[in-house]
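# Examination of the molecular architecture
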Amino acid sequence: RRKVDSEGRCFQDRWKVEYFFTEIRNHCVCLICQETVAVYKEFNVKRHYQSRHSTYDKLTGRDRSEKLKQLEAVLIECVMKMVENICPEKKQEFANICLARNTVARRIEEISSDIKRQLTSKGVDFDFFSIACDESTDLSDTAQLLIFMRGVDDEMNVTEELLDLQSLTDQTRGKDLFVSVSSAIDDMKLPWNKVTGIITDGAPAMVGERSGLSTLICNKVIEEGGKAIKLHCIIHQQVLCAKHLKYDHVMKPVLKTINFIRSKALCHRQFKQFLLDIQAEYEDVLYHNDVRWLSRGSALQRFYSLRKEIREFLETKGQPMRELSDPIWLADLGFLVDITKHLNVLNTSLQGKDAAVNQLYSHLKAFGTKLQLFIRQLSQTQPNTIHFSALQEIMNSFPQDNISAQTSRYAADIASLAGEFKRCFQDFAAIEKEISLFSSPFSVDPDDAPDQLQLELIELHCDSELCSHHQQLSLVNFYRQLDKSRFQEIRTLAKKMLSLFGSTYMCEKTFSAMNFNKNCVRTRLSDSHLRDILRIKT
């Protein structure tokens, strides 16, 4: 004879909205009359609802969902009243009981839906917006395309939010990505002619000249009567420029030594105990991971700080590292540590949410000026190494080995790095005039400004009160208080500049959250639930 328990029946979450039932301690309970149904069978649940509570059929859509929330709240309130009367000392314990997984999932869906609704209502007021796109593969080998939006309304209010997470189960060509982005923009009912730009990570499918995502987006905007610019993430370009200084003759021995120490458990334990016994500054060396932006600088800095301890430990192991006895190699190591440190400082300054494109470009220009200073100081007859502390320490440790003669080579390497920076950031250099006009309108000659801005710019220069406001207020607040009819074109330029992304930092940060949530023990997390989680997270 067939047994009900062996049928594997379970409570269906949709029964909550359709029939006002919930699951309590493996029992199917009606939220309206609190009666239970013996078997998890939709026929039984539906018959109970239709025979006793059919009057609730008039509730549909949002009204029905609100009624479900009220009934659940009443149930929780009744339970808490009962606990208060029977065992008041355990009231807090009952209040802290975790919600059922289906309840948690439903609430996440509702919060995500509400965030999307608010973003849609804000999108109606956007005068301009830009998008940032990046694609990565999750643990289930699904390609996930993140699309962020940065919009500006007429009051200069900036909104930077996740527009959508599109899951691609097939190819990830430029046209495939374009279809996904178009779907997300059209779903939000955003006009294409208001798109001011798109920024990507520089992958071929993103930046291809003929069929890349950026090209297809810009062509679509032109068809709709607008104009958009293509930008390559300023952080990704900085990382690519940093790799221009290869210095393989330094990096390879360093990485080989780090891997020798850390790859075998016994050797690693002995090294850490050795550092502990001699009370070294640090307790271990760091692995280098090429994917992590700051990893190279951190690994080099730690190796340099422990170079004497590493040399002594390797000699006890019968694996001496000859490079640690070579003053020229140590000078190269010191120089690489110092220049990588400066690059890491730049990288850190470029990170962060809500950063305007003019702020990021100012950091980049400042670094270019620093490189020119380094070139001049290292090219002198008596080189000035004040900004290269590790190199200076090596030079002071080996005064007899004419290490200062190497500084001209370091100056040439920095000059090559400066040239690489200039070559890579041509997309930002192309809009440098607009950035300068936006960030420093009082410093721009009206003759050098676009024709439609010249008369308004003269009015701005001649207004001493506005000049005072520009010095006292933040840039956004300054443009916010400008007269809309008097400075219409200048405000339009400001809104376009404010709407531009400077980097895909938010995409990279969200991918970290994605990998944290969809991990090796949660690979069955659906794409829709992953989207809801990330929308709330960002």
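Conventions and cut-offs
Residues numbered from 1 in each chain as written. Predicted model: local features only at pLDDT ≥ 70, side-chain atom pairs only at ≥ 80, totals over all residues. Heavy atoms only, no water. Helix = DSSP H or I, 4+ residues; strand = E, 2+ residues; numbered from the N terminus. Buried < 20%, exposed > 50% of the residue type's maximum accessible area, 1.4 Å probe, protein only. Areas by Shrake-Rupley, 256 points an atom, 1.4 Å probe, with all protein chains shown as cover. Lys, Arg positive; Asp, Glu negative; His and termini not counted. Charge placed at Lys NZ, Arg CZ, Asp CG, Glu CD. Axes fitted to C-alpha atoms, helices over the stretch in contact; angles between N-to-C directions. Parallel < 35°, antiparallel > 145°, perpendicular 65-115°, else oblique. Contact = heavy atoms within 4.5 Å. Nonpolar A, V, L, I, M, F, W, Y, C, P; charged D, E, K, R; others polar. Patch = residues over 30% accessible without salt bridge, like charges linked within 9 Å, V, L, I, M, F, W, Y side chains within 5 Å. Salt bridge = Lys/Arg side-chain N within 4 Å of Asp/Glu carboxyl O. Left-handed = near helix turned anticlockwise from the far one by under 90°. Core = buried A, V, L, I, M, F, W, Y, C linked by side-chain atoms within 4.5 Å. Pairing = 2+ DSSP bridges. UniProt positions renumbered as here; feature names shortened; annotations may be inferred. Phe/Tyr/Trp six-rings, centres within 6.5 Å; stacked < 30°, edge-to-face > 60°. Lys NZ or Arg CZ within 6 Å of the ring centre and 35° of its normal. Domains from an automatic or database assignment. Expected span 1.5 Å × (residues − 1).

- An unreviewed UniProt entry lists the protein under the name SPIN-DOC-like zinc-finger domain-containing protein, with Pelodiscus sinensis given as the organism.

## Details of the overall build of the protein
- A count of helices and strands for the protein gives 25 helices and eight strands.
- With the C-alpha coordinates aligned to their principal axes, the bounding extent of the protein is approximately 100 × 75 × 50 Å.
- When each of the 538 residues of the protein is scored for burial, the buried share is 44%.
- Approximately 29100 Å² of the protein is accessible, and the part contributed by carbon and sulfur atoms is 49%.
- Within the protein, one finds 72 positive and 72 negative side-chain charges whose respective centroids are separated by 7 Å.

## Some remarks on the packing of helix α9 (residues 234–242) against helix α14 (residues 327–350)
- One can describe the packing of α9 onto α14 by two numbers: an axis separation of 10 Å at closest approach and a directional angle of 170 degrees. Here α14 runs roughly antiparallel to α9, going by the angle between their axes. For the pair α9 and α14, contact is made by Ile 234, Ile 235, Gln 238, Val 239 and Ala 242 and by Leu 343, Leu 346, Asn 347 and Leu 350, respectively.
- Here the contact of α9 with α14 is composed, by residue class, of seven nonpolar, two polar and no charged.

## Things to note about a nonpolar patch on the surface
- Judged by side-chain polarity, Val 79, Met 82 and Ile 86 come together as a nonpolar surface patch covering roughly 280 Å² of accessible area.
- As for its position among the elements, Val 79 is in helix α3 (residues 61–86).
- Judged by relative accessible area, Val 79 falls into the partly exposed class, the value being 32%.

## Side note on unusual backbone geometry
- Backbone geometry places Phe 20, a non-glycine residue, at a positive phi of 60 degrees.
- Secondary-structure assignment places Phe 20 in the loop between α1 (15–19) and β1 (21–24).
- The class of Phe 20 is buried, set by a relative accessible area of 0%.

## Digging into the packing of α9 against helix α17 (residues 407–424)
- Taken N-terminus to C-terminus, the directions of α9 and α17 make an angle of 150 degrees; their axes are 9 Å apart at the nearest point. By the criterion of interaxial angle, the relationship of α9 to α17 is roughly antiparallel. As for the relative orientation of α9 and α17, their crossing is right-handed in sense. Between α9 and α17, the contacting residues are Gln 237, Gln 238 and Cys 241 on the first element and Leu 417, Glu 420, Phe 421 and Cys 424 on the second.
- Taken together, the residues of the contact of α9 with α17 sort by class into four nonpolar, two polar and one charged.

## Side note on the nonpolar core
- Membership of the largest hydrophobic core comes to 104 residues, with the highest contact counts inside it found for Leu 333 and Phe 421.
- Tallying contributions element by element places α14 first for this core, with eleven residues.
- Residues contacting Leu 333, with those up to four places away along its chain left out, are Val 250, Val 254, Leu 300, Phe 303 and Tyr 304.
- Counting 27 residues, the second largest nonpolar core, distinct from the first, contains Cys 133, Ile 217, Val 221 and Ala 228.

## Brief notes about the sheet that holds β1
- Taken together, the three strands give an open sheet; going across it, the order is β1-β2-β3, and neighbouring strands pair in antiparallel fashion. Two strands close off the open sheet at either side, each with one partner strand: β1 and β3 (36–37).

## Structural notes on the pattern of salt bridges
- Applying the stated criterion to the full structure yields 27 salt bridges.
- A salt bridge links Glu 18 to Arg 14, with the nearest nitrogen and oxygen atoms 3.2 Å apart.
- Note on Arg 14: relative accessible area 39%, which makes it partly exposed.
- Here the salt bridges share partners, and the residues they tie into one network are Asp 127, Asp 154, Glu 155, Lys 484, Arg 491 and Lys 495.

## Considerations on the UniProt feature "domain: SPIN-DOC-like zinc-finger" (unreviewed entry) in the protein
- UniProt's entry tags residues 12–70 with the feature "domain: SPIN-DOC-like zinc-finger" (unreviewed entry), counted in the numbering of this structure.
- Annotation note: span residues 12–70, helix share 44%, strand share 17%, distance between end C-alpha atoms 20 Å.

## A look at the packing of aromatic side chains
- As enumerated under the stated definition, the model contains 19 aromatic pairs in all.
- Seen from their ring centres, Phe 335 and Tyr 410 are 4.4 Å apart, and the 10 degrees between their planes marks the pair as stacked. Residue Phe 335 is found in helix α14, and its partner Tyr 410 is found in helix α17; the two are separated by 75 residues along the sequence. For the pair Phe 335 and Tyr 410, one class covers both residues: buried.
- What links up through ring pairs into an aromatic cluster is the set Tyr 247, Phe 335, Phe 374, Phe 388 and Tyr 410.
- Looking at Lys 220, its charged tip hangs above the ring of Trp 192, at a distance of 5.7 Å from the centre.
- Here the basic side chain of Arg 307 rests over the ring of Tyr 304, its NZ or CZ set 4.1 Å away from the ring centre.

## A few points about the domain arrangement of the protein
- Annotation of the protein at the domain level lists domain 1 (13–96), domain 2 (105–233), domain 3 (241–428) and domain 4 (444–498).
- Look at where the C-alpha atoms of domain 1 and domain 3 centre, and you get two points 64 Å apart.

## A look at helix α6 (residues 174–187)
- With 14 residues, α6 extends 20 Å between its outermost C-alpha atoms, agreeing within 8% with the 20 Å of an ideal straight helix rising 1.5 Å per residue.
- Among the residues making up α6, those that are buried are Gly 174, Asp 176, Leu 177, Phe 178, Ser 180, Val 181, Ser 182, Ala 184 and Ile 185.
- Looking at the buried positions of α6, the neighbouring elements they touch are β4 (126–137), β5 (143–153), β6 (158–168), α7 (204–207) and α8 (213–223).
- One or two positions beyond α6, positive phi appears at Lys 189, with a value near 60 degrees.

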